[in-house]
Amino acid sequence: MSTLHTNTVETSSGGAVTLTKQSAAKMQYGFSGSDAAIRQSLNVASTTDNGTGQYLVNVSSAFANQMDDSGLAIMTGGGTGFGRYAGGVTSTTILSVRTHDQNGSSVDRECNGASFGDLA
């Protein structure tokens, strides 16, 4: 077995390397359930609390396709609740998120999520 140790990987001309067959999140967020305050983000301009268990995530750089057509991941905090991406206002720049309790009733929950796909 060989071990490779390096501090920098560059192309032969000294530029950044291109990763092939790799996909990284193009948008990542974490916000509180009570007021949608952003706790962590990547490519997120703002979040909006649209009512109990209803949030909008507004991205800084638009996706090439509607975000719920891309790969998505979501996790909610607290209890046995769950989150889902909701259609309707979801677009290339806005992601609509809904959070529910185990009975399907809308509740405020902290959310963490990511979206994968190509940017416009």
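Residues numbered from 1 in each chain as written. Predicted model: local features only at pLDDT ≥ 70, side-chain atom pairs only at ≥ 80, totals over all residues. Heavy atoms only, no water.

A short note on the overall build of the chain
Okay, step 1: Per the secondary structure count, the chain includes zero helices and eight strands.
Okay, step 2: By the compact-globule yardstick of 14 Å for 120 residues, the chain is too spread out, its C-alpha radius of gyration being 18 Å.
Okay, step 3: Each of the three principal axes of the chain carries a C-alpha extent, and together these read 55 × 35 × 20 Å.
Okay, step 4: Buried positions account for 32% of the 120 residues belonging to the chain. (Helix = DSSP H or I, 4+ residues; strand = E, 2+ residues; numbered from the N terminus. Rg over C-alpha atoms; globule rule 2.2 N^0.38 Å. Buried < 20%, exposed > 50% of the residue type's maximum accessible area, 1.4 Å probe, protein only.)

Some details on the nonpolar core
Okay, step 1: Counting residues in hydrophobic clusters, the biggest one holds 14 residues, and the most contacted among them are M27, Y29, F31, V57, M67, L95 and V97.
Okay, step 2: Of all the secondary structure elements, the ones that give two or more residues to this core are β1 (27-31), β4 (54-59) and β7 (94-100).
Okay, step 3: Once residues lying within four places of it in the same chain are set aside, the contact partners of V97 are Y29, G53, Q54, Y55, V57, I74, R84, Y85 and C111. (Core = buried A, V, L, I, M, F, W, Y, C linked by side-chain atoms within 4.5 Å. Contact = heavy atoms within 4.5 Å.)

Some details on the sheet that holds strand β2 (residues 38-42)
Okay, step 1: One open sheet holds the four strands; their spatial order is β2-β1-β8-β5, and the pairing between them is antiparallel. Every interior strand has two partners, whereas the edge strands, β2 and β5 (71-76), have only one. Neighbour-to-neighbour, the strand axes of the sheet open up by a mean angle of 5°, direction not taken into account.
Okay, step 2: In terms of strand pairing, β1 meets strand β8 (residues 111-116) through five bridges, oriented antiparallel. In the strand pairing of β8, G30 is matched with N112. (Pairing = 2+ DSSP bridges. Axes fitted to C-alpha atoms, helices over the stretch in contact; angles between N-to-C directions.)

Considering unusual backbone geometry
Okay, step 1: With phi around 65°, A36 is a residue other than glycine that occupies positive phi space.
Okay, step 2: Among the structural elements, A36 can be located in the loop between β1 and β2.
Okay, step 3: Of note in the backbone geometry, N43 takes a positive phi value of approximately 65° without being a glycine.

Thoughts on the packing of aromatic side chains
Okay, step 1: Scanning the model with the defined rule gives two aromatic pairs in all.
Okay, step 2: The interplanar angle of 20° and the centroid separation of 5.5 Å between the aromatic rings of Y29 and F31 together place this pair among those described as stacked. Just as Y29 is buried, F31 falls in that class too.
Okay, step 3: A ring pair is formed by F31 and Y55, whose centres lie 4.8 Å apart and whose planes are at 55°; its orientation type is tilted. On the criterion of sequence distance, the pair formed by F31 in strand β1 and Y55 in strand β4 is long-range, its members being 24 residues apart. As far as burial versus exposure is concerned, F31 and Y55 are alike and both buried.
Okay, step 4: Members of the aromatic cluster, connected to one another through ring pairs, are Y29, F31 and Y55. (Phe/Tyr/Trp six-rings, centres within 6.5 Å; stacked < 30°, edge-to-face > 60°.)

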